[in-house]
There are 2 protein chains.
Amino acid sequence: MYNELLRDEHFRATAALAAEKEKISCETLLKSVAAGRCVIPLNNRRQITSPCGIGENLSTKINVNLGTSPDKINLKAELEKLALAVDLGADAVMDLSLGGDLKKIRRSILEASPLPVGTVPIYEAAMGAQKKRGSFLKMEAEDIFDVLEGQACDGVDFFTIHCGINKKSLEVFLKSRRLLDIVSRGGAILVNWMRKNGKENPLFEYFDRVLDIARRYRITLSLGDGMRPGCIADATDAPQIAELKELGKLTQRARKAGVQVIIEGPGHIPLHEIKKNMELEKKICDGAPFYVLGPLVTDIGAGYDHITGAIGGALAAYYGADFLCYLTPAEHIRHPSVEDTRQGIVASKIAAHAADIARGLKGAAGQDRLMAIARKHRDWQKQIRCAIDPKKTKEYKLSSKPKTKGVCTMCGEFCSIRLIDTCLPTRPIAKGRPTGKKAKSHH
Amino acid sequence: MYNELLRDEHFRATAALAAEKEKISCETLLKSVAAGRCVIPLNNRRQITSPCGIGENLSTKINVNLGTSPDKINLKAELEKLALAVDLGADAVMDLSLGGDLKKIRRSILEASPLPVGTVPIYEAAMGAQKKRGSFLKMEAEDIFDVLEGQACDGVDFFTIHCGINKKSLEVFLKSRRLLDIVSRGGAILVNWMRKNGKENPLFEYFDRVLDIARRYRITLSLGDGMRPGCIADATDAPQIAELKELGKLTQRARKAGVQVIIEGPGHIPLHEIKKNMELEKKICDGAPFYVLGPLVTDIGAGYDHITGAIGGALAAYYGADFLCYLTPAEHIRHPSVEDTRQGIVASKIAAHAADIARGLKGAAGQDRLMAIARKHRDWQKQIRCAIDPKKTKEYKLSSKPKTKGVCTMCGEFCSIRLIDTCLPTRPIAKGRPTGKKAKSHH
């Protein structure tokens, strides 16, 4: 399936960088790519200095959404968010801009990003039709393919394509008793268009054309979930599964065409359904990497959806999700600020990291161990360096000065670690104990 | 075991209030209390207007730690945190003050709190010995019991008693290869004292005296985990389990004495060990309610430990924890500010709520359903009311004004819900679908 891709020197050189970051051999990584169980997003026109593999046996990756909205157009702020994403160790970004000069914004982000960059081309197609023809409902198939070609040519590394919404899955949706209908922007644009024009979704009908463009530019396709549940009551329902089945079929077509493919997933899922959702995707889409948005484990977390999403994301990644899309505290209520973005990135990083530790990924707990040792030594400089967000940790520590040396103001002189130091000063630091190997006294 | 307690009118009246909040019959609640599988913290000298049951088949409860540190003494700020806890729907608070006039602070909190109030009396005993005898190491057993009696008389509803640290569990600890020794303040004070004085822990040695005070004032005992793991490498290790076994035995003694009892638990636990930890506690402590601190699923979340703890807390509560102690973003690095406390409370509420939905607790997803309907209608006032923190949600929404009516600045005119409204305006809202009953199309 991927012979051409795997022979390509530019791709192989980038894969080598990705493998190095992962501390595995490039051969191992390329085997997973060959099996369709891992992707390395990379447009053949781009040089990515910090690429990543997404999929089986790899660390969990996180994506940071950037981009303007029709109401918030500030390229500088979006580039600041990109810098923050790079700084905090995100793995990919998506430019989801919906306002301003989309081409200019995209090109600026592509130019500035050392990480893979994704887009949702239907946005630009809809905005273009709005401008050119007065309504996105007047969009034509050619508008869409022009945009795909243009964005591909600009160097976009991965495309979200909402191709699972077709007449068949739409019928299931219309017969369903969903509470919150469709909460995907791309999905809503396409359903509206299909209903108004009485036509099949061009991204489905002409999926071979999508594949042709993707193959020519070596773009990874992220098959979008236009029918993802927008509230926990709708989780794992008939429309969601109907669409997932369509994506499963399209996955096979993409693989046959030599196009790398990942699957997008929900959304809002209660805690107890997360495992099942991960298993379903892996089964229906034959082990294709799974890219989830959250999932949010409750609907009422507005203002804190980075937390709600981190709970779901940690569990999802533990059970098989490969790629977490971050959520910010602003989700559902406003366009995120730069600070919202920081909160969102870190929350997502925590979720991914917690899952990687639980999955027993080699070396995943290494930084935790260093942090624990730094705590034992009350070495605050080292604690700051080990923290997931050193800047925030430093700010907190410096904001509040203890009277006693070497502690923090939480416990002051009654710092438990300080107290133990005084009574067990010579106790050596334990050597590494694999997280999986536990005391047996309780069996 | 609990005949005397269950006959007490003051206790029964409070139990009735707790049952009402839970929407179960008082009889059902009292049956769980009688079996030791649920507690209702209440000092017989206190009137609690907003009491709660903690334990089997009840909603997951959350506790908010308040209190000064040796470095941060500001009663007003602590009372503000209390008000916030009440406002945001916390279920209990603990006064963990370590600085200033401890009696005055405690009495102020007790007077102001409509929620059950807990303390860790060993703190006052240690501080008192420090003042009176120059060092907490010179503390005498009588100092401890004087404090217990005094705090009981003040009306404290539940005591954390670190009685599981004894010569036996300490020996296991000293032989262990722990990375981070002891991270419990109470635990560190007692281990230090035991080592210095070569004596048994008075809270263990004279546990009958503890029980006598608890019984006389009808105080609930929270058996503390002085040997909880302070990093994920130490999770579920020999000292932790050795102490838990001691607590299991003391649970039976407390029950025999007619004293309500809950068990405290870790701490730092990787995601994949949480289920096992919950099962171990329920087994070793014969179904006694479990009160966990976090658990934190990684050690490197400094500045964001409310998130790290919410991930662990949600999973812990799903697998059996009954009571979550909140964590703030300041954990490990400074005494929390009022805003830290807000962040911590909401994160903990989200965790508890997500778990209750996943447990299938009756009515748990009701507010989520209302939120989803408010979203469908783009009714922002109602969304704000349904949110877990209406104030924050409102601030976010108002901070960013869209040009298009009825949307937010995230998507502006391309709001998916708005788009679907225009193409499916007459689609009725689905009637309730139990979260457990899902589409079968994928089987």
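Residues numbered from 1 in each chain as written. Chains lettered and ligands numbered in written order. Predicted model: local features only at pLDDT ≥ 70, side-chain atom pairs only at ≥ 80, totals over all residues. Heavy atoms only, no water.

For chain A, an unreviewed UniProt entry supplies the name Phosphomethylpyrimidine synthase and the organism Velamenicoccus archaeovorus. The record in UniProt for chain A states the following under Cofactor (unreviewed entry): "[4Fe-4S] cluster". (UniProt positions renumbered as here; feature names shortened; annotations may be inferred.)

## So, the overall build of chain A
The number of helices and strands found in chain A is 19 helices and ten strands. With respect to the three principal axes, the spread of C-alpha positions in chain A is 80 × 45 × 45 Å. Classification of the 443 residues of chain A by burial places 67% in the buried group. Summarising the internal contacts of chain A: among those between residues at least 6 apart in sequence, 73% fall at separations of at least 24. (Helix = DSSP H or I, 4+ residues; strand = E, 2+ residues; numbered from the N terminus. Buried < 20%, exposed > 50% of the residue type's maximum accessible area, 1.4 Å probe, protein only. Contact = heavy atoms within 4.5 Å.)

## Topic: the domain arrangement of chain A
Residue and element names in this part refer to chain A. Examined at the domain level, chain A breaks down into domain 1 (3-358) and domain 2 (366-423). One C-alpha centre belongs to domain 1, the other to domain 2; they are set 38 Å apart. A per-residue breakdown of the area domain 1 buries against domain 2 is headed by Arg 342, Val 346 and His 353, which together make up 57% of the total. Our count for the domain 1 to domain 2 interface comes out at one salt bridge. Between Asp 389 and Arg 342 there is a salt bridge, with the nearest N and O atoms lying 2.7 Å from each other. For the pair domain 1 and domain 2, the number of links is two residue pairs in polar contact (both at pLDDT 80 or more). (Domains from an automatic or database assignment. Buried area = accessible area lost by both parts, 1.4 Å probe. Salt bridge = Lys/Arg side-chain N within 4 Å of Asp/Glu carboxyl O. Polar contact = N/O pair within 3.5 Å; in protein donor to acceptor, adjacent residues only side chain to side chain.)

## Observations concerning the relation of the copies chain B and chain A
Once chain B is rotated about the relating axis by 180 degrees and shifted along it by 0.0 Å, it coincides with chain A to within an RMSD of 0.0 Å. Look at the turn and shift together and you get a two-fold axis relating the two. Among all C-alpha atoms of chain B, that of Ile 311 of chain B lies closest to the rotation axis, at 2.2 Å. Of all interface residues in chain B, 99% are interface residues in chain A too; the two copies therefore contact each other through one and the same surface. (Least-squares fit on C-alpha atoms with pLDDT ≥ 70 in both.)

## Regarding the pattern of salt bridges
When the charged atoms of two side chains with opposite charge come close together, those side chains can pair. Enumeration according to the criterion identifies 60 salt bridges over all chains in this entry. In this structure, Glu 22 of chain B engages Lys 61 of chain B in a salt bridge whose closest nitrogen and oxygen atoms are separated by 3.0 Å. Highlighted residues: Glu 22 of chain B in helix α2 (residues 9-22) and Lys 61 of chain B in strand β3 (residues 61-66), separated in sequence by 39 residues. Looking at Lys 61 of chain B, the relative accessible area reads 3%, which means it is buried. Where salt bridges share partners, they join Lys 103, Arg 106, Arg 107, Glu 124 and Asp 154 of chain A into one cluster.

## Things to note about the interface of chain B and chain A
How large an interface is tends to be reported as the accessible area lost when its parts come together. Residue-level contacts link 128 residues of chain B with 127 residues of chain A. In terms of surface lost to chain A, no three residues of chain B exceed Ile 300, Tyr 304 and Phe 414 of chain B, which account for 8% of the buried area on that side. Inspection of the chain B/chain A interface yields two salt bridges. With a closest N to O distance of 2.6 Å, Lys 376 of chain A and Asp 181 of chain B form a salt bridge. Ranked by residues supplied to the side of chain B that touches chain A, first place goes to helix α15 (residues 338-358) of chain B with twelve residues.

## A look at the environment of Asp 305 of chain A
All names here are of chain A. By the element assignment, Asp 305 lies in helix α14 (residues 305-318). Distance from Asp 305 to Trp 193, taken between C-alpha atoms, is 30 Å for residues 112 residues apart in sequence. Once residues within four sequence positions are removed from consideration, Asp 305 is found in contact with Leu 296, Leu 327, Thr 328, Pro 329, Glu 331 and His 332. A polar contact of 3.3 Å, which involves the side chain of Asp 305, links it to the side chain of Thr 308. Only 2.7 Å separates the side chain of Asp 305 from the side chain of His 332, close enough to count as a polar contact.

## Some details on the sheet that holds strand β5 (residues 117-119) of chain B
All names here are of chain B. Pairing is parallel in the closed barrel, where eight strands are placed in the order β3-β4-β5-β6-β7-β8-β9-β10. Ignoring which end each strand starts from, the neighbouring axes of this sheet average 25 degrees apart. Where helix α5 (residues 102-112) meets the sheet, its contacts fall on β3, β4 (92-95) and β5, and the angle it forms with β4 comes to roughly 170 degrees. Against the sheet, helix α13 (residues 274-284) engages β8 (261-265) and β9 (290-293), with an angle of about 145 degrees to β9. (Pairing = 2+ DSSP bridges. Axes fitted to C-alpha atoms, helices over the stretch in contact; angles between N-to-C directions.)

## Some remarks on the packing of α14 of chain A against helix α15 (residues 338-358) of chain A
The axes of two packed helices give the description: the angle between them and the distance between them. Residues and elements named next belong to chain A. Axis separation between α14 and α15 bottoms out at 8 Å; the angle between their running directions is 25 degrees. Regarding the angle of α14 to α15, the classification is roughly parallel. Between α14 and α15 lies a crossing of right-handed hand. Contacts from His 306, Ala 310, Gly 313, Ala 314, Ala 317 and Tyr 318 in α14 reach Gln 343, Gly 344, Ala 347, Ala 351, Ala 355 and Ala 358 in α15. Residue composition of the contact of α14 with α15, by class: eight nonpolar, four polar and no charged. (Parallel < 35°, antiparallel > 145°, perpendicular 65-115°, else oblique. Left-handed = near helix turned anticlockwise from the far one by under 90°. Nonpolar A, V, L, I, M, F, W, Y, C, P; charged D, E, K, R; others polar.)

## Quick word on the packing of helix α8 (residues 167-175) of chain A against helix α12 (residues 238-256) of chain A
All names here are of chain A. Orientation of α8 relative to α12, taken along the N-to-C sense of each, is 170 degrees, at an axis distance of 8 Å. Comparing the axis directions of α8 and α12 gives the class roughly antiparallel. Contact residues: α8 offers Lys 168, Ser 169, Val 172 and Phe 173, while α12 offers Ala 238, Pro 239, Ala 242, Glu 243, Glu 246 and Lys 249. Grouping the constituent residues of the contact of α8 with α12 by class yields five nonpolar, one polar and four charged.

## Some points on helix α4 (residues 75-87) of chain A
Residues and elements named next belong to chain A. If you check α4, its first and last C-alpha atoms are 18 Å apart, about what 13 residues at 1.5 Å a residue would give, namely 18 Å. When we look at burial in α4, the residues that qualify are Ala 77, Glu 78, Lys 81, Leu 82, Leu 84 and Ala 85. In a view along the axis of α4, the buried residues occupy a sector of 160 degrees, so they form one face of it. Every exposed residue of α4 that faces more than 90 degrees away from the buried side is listed here: Lys 76 and Asp 87. (Expected span 1.5 Å × (residues − 1). Arc of directions from axis to C-beta.)

## Details of the nonpolar core
Counting residues in each nonpolar core, the largest one holds 282 residues, and the members touching the most others are Leu 221 of chain A together with Leu 221 of chain B. Aside from chain neighbours lying at most four places away, what touches Leu 221 of chain B is Phe 159, Ile 161, Phe 207, Val 210, Leu 211, Ala 214, Val 259, Gln 260, Val 261 and Ile 262 of chain B. (Core = buried A, V, L, I, M, F, W, Y, C linked by side-chain atoms within 4.5 Å.)

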